[in-house]
Amino acid sequence: MPNEEKKSFREKMSNCGHFCYNSETGEVLGRTANSWLKIVVFYLFYYGALAGFFAVCMTVFFTTLDSQGPTQRNMQSLLKQNPGMGFRPFTDVTKTVIKFNAKNPTEYEEYVKNLNDSIRIYTSSAGDNVVDCSGSNTGSNKGDSEVCGFPVSLLGDRCTPDNGFGYPEGKPCVLLKINKVYGWKPQTFDNETEDLPDALVGRLDPDYVGVTCEGESDADKDNTRNITFYPDKGFPAVYYPYLNQPGYLAPVVMAQFDVAPGRLLMFWCRAWARNIKHHRVDLQGSVRFEIMVDY
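These numbers come from a predicted model, not from an experiment.

Each helix and strand counted, the chain has four helices and 13 strands in total. By the burial criterion, 37% of the 295 residues in the chain qualify as buried. Here the chain has roughly 17,900 Å² of accessible surface; of this, 55% comes from carbon and sulfur atoms.

With that settled, the discussion passes to the nonpolar core. The biggest cluster of nonpolar side chains holds 56 residues, and the ones touching the most others in it are Tyr167, Leu176, Phe235, Met254, Phe257, Phe289 and Ile291. Ignoring anything within four residues of it in the chain, the contact list for methionine 254 reads Leu115, Ile119, Leu155, Cys159, Phe165, Cys173, Val174, Leu175, Thr228, Phe229 and Tyr230.

Here we take up the pattern of salt bridges. In this structure the tally under the stated criterion is ten salt bridges. Arginine 120 is the salt-bridge partner of aspartate 117, the closest N and O atoms lying 2.7 Å from each other. With aspartate 117 and arginine 120 both in helix α3 (residues 105-124) and three residues apart, this pair spans about one turn of that helix. Using a relative accessible area of 32% as the deciding quantity, one classes aspartate 117 as partly exposed. A relative accessible area of 45% means that arginine 120 is categorised as partly exposed. A salt bridge links aspartate 258 to arginine 225; its shortest N-O distance comes to 3.4 Å. In this pair, aspartate 258 is assigned in strand β11 (residues 252-259) and arginine 225 in strand β9 (residues 224-230), connecting sequence segments 33 residues apart.

Let us now look at the state of the cysteines. For the structure shown, the criterion picks out three disulfides. Two residues share a disulfide in this structure: cysteine 133 and cysteine 148, whose sulfurs sit 1.9 Å from each other. The sign of the S-S torsion, about -75°, decides the handedness of the disulfide formed by cysteine 133 and cysteine 148: left-handed. Taken together, the residues cysteine 133 in the loop between β5 (130-131) and β6 (147-148) and cysteine 148 in strand β6 connect sequence positions 15 residues apart. What links to what in the chain: the bonded cysteines, counted in sequence order, pair as 1-2, 3-4, 5-6.

With that out of the way, let us pick up the packing of aromatic side chains. If you walk through the whole model with that rule in mind, you get 21 aromatic pairs. Ring centres of tyrosine 43 and tyrosine 46 lie 6.4 Å apart, and the angle between their planes is 85°; this geometry places the pair in the edge-to-face category. In this pair, tyrosine 43 and tyrosine 46 both sit in helix α2 (residues 33-63), three residues apart, roughly one turn of the helix. For the pair tyrosine 43 and tyrosine 47, a centre-to-centre distance of 5.9 Å together with 25° between the ring planes defines the contact as stacked. Of this pair, tyrosine 43 and tyrosine 47 both sit in helix α2, four residues apart, roughly one helical turn. Looking at tyrosine 43, the relative accessible area reads 38%, which means it is partly exposed. Through a chain of ring-to-ring contacts, the aromatic side chains of Phe87, Phe90, Phe257, Phe267 and Phe289 assemble into a single cluster.

Let us now look at empty space enclosed by the protein. Tallying each qualifying case throughout the model produces one cavity of 30 Å³ or more. Considered as a void within the structure, the largest cavity measures approximately 40 Å³ in volume. Every residue along the wall of the largest cavity is listed here: Ile178, Asn179, Lys180, Val181, Trp184, Tyr240, Tyr242, Tyr248 and Ala250. Here the residues of the lining of the largest cavity sort into seven nonpolar, one polar and one charged.

The rules behind these values
Residues numbered from 1 in each chain as written. Predicted model: local features only at pLDDT ≥ 70, side-chain atom pairs only at ≥ 80, totals over all residues. Heavy atoms only, no water. Helix = DSSP H or I, 4+ residues; strand = E, 2+ residues; numbered from the N terminus. Buried < 20%, exposed > 50% of the residue type's maximum accessible area, 1.4 Å probe, protein only. Areas by Shrake-Rupley, 256 points an atom, 1.4 Å probe, with all protein chains shown as cover. Core = buried A, V, L, I, M, F, W, Y, C linked by side-chain atoms within 4.5 Å. Contact = heavy atoms within 4.5 Å. Salt bridge = Lys/Arg side-chain N within 4 Å of Asp/Glu carboxyl O. Disulfide = S-S within 2.5 Å. Phe/Tyr/Trp six-rings, centres within 6.5 Å; stacked < 30°, edge-to-face > 60°. 1 Å grid on protein atoms, 1.4 Å probe; cavity = no way out; pocket = protein on both sides within 12 Å on 5 of 7 lines; lining within 4 Å. Points joined across faces, edges and corners; volume = space filled by probe spheres on them. Nonpolar A, V, L, I, M, F, W, Y, C, P; charged D, E, K, R; others polar.

In structure tokens form, the structure reads like this:
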């Protein structure tokens, strides 16, 4: 096999320049001007057609959406009009445990900051459509676009930033809330003769969605000294339904736990209304977390 002659650098550069522009045929990068014109026109029409098809699809898609609320509502939605619950402080998405030493501020300062951030929106909320629904003003006359302002004074004087939400004294406060579900309106209980937990006795009010927290096991219950709620009756029903109103803030409840130290206790908190169903596995209408206090 004969040895191929190795091209010099000058020859390589000459061939490269010849490919970029051939002065004999007028080709640029291997194509004539007529060929380049045809391919450019083809791809302009090709990608223009794709862009037009995409625009038509998006236009049709957006005509099916409602700017004020979800397309699928009530029993057609994935939530089936059965709200869940959430809690704060929630500093790590992989953990639901609130664990700290009451004598070491560095262990609970992150919890206190998280609670501060959670209630700050309630102290700074203001708008033309926000009305006062406290006291004798029940908010029954408010329009669909108006929302009730939530005064933080409803959260009592024990679960406040001034006293570190109870963490310095080893009695932590946990903020509870019902997740927003468009159009959901609670059907509250109006008497205590129904099959309800003892923790609701004396706290039941038709103007409130009741709330309870209890230990998961008998040991958890035995090591729980007391649980106090602010407001005591639960979530004011006047704040529902949620209709995507501007400035809407869901009502919250502070639960203060007085527990035995040095034990990891598991709690199950539930909201109570006729149209709230509870399930331990998927936590419908409820929320779970753990608390461990040391001194």
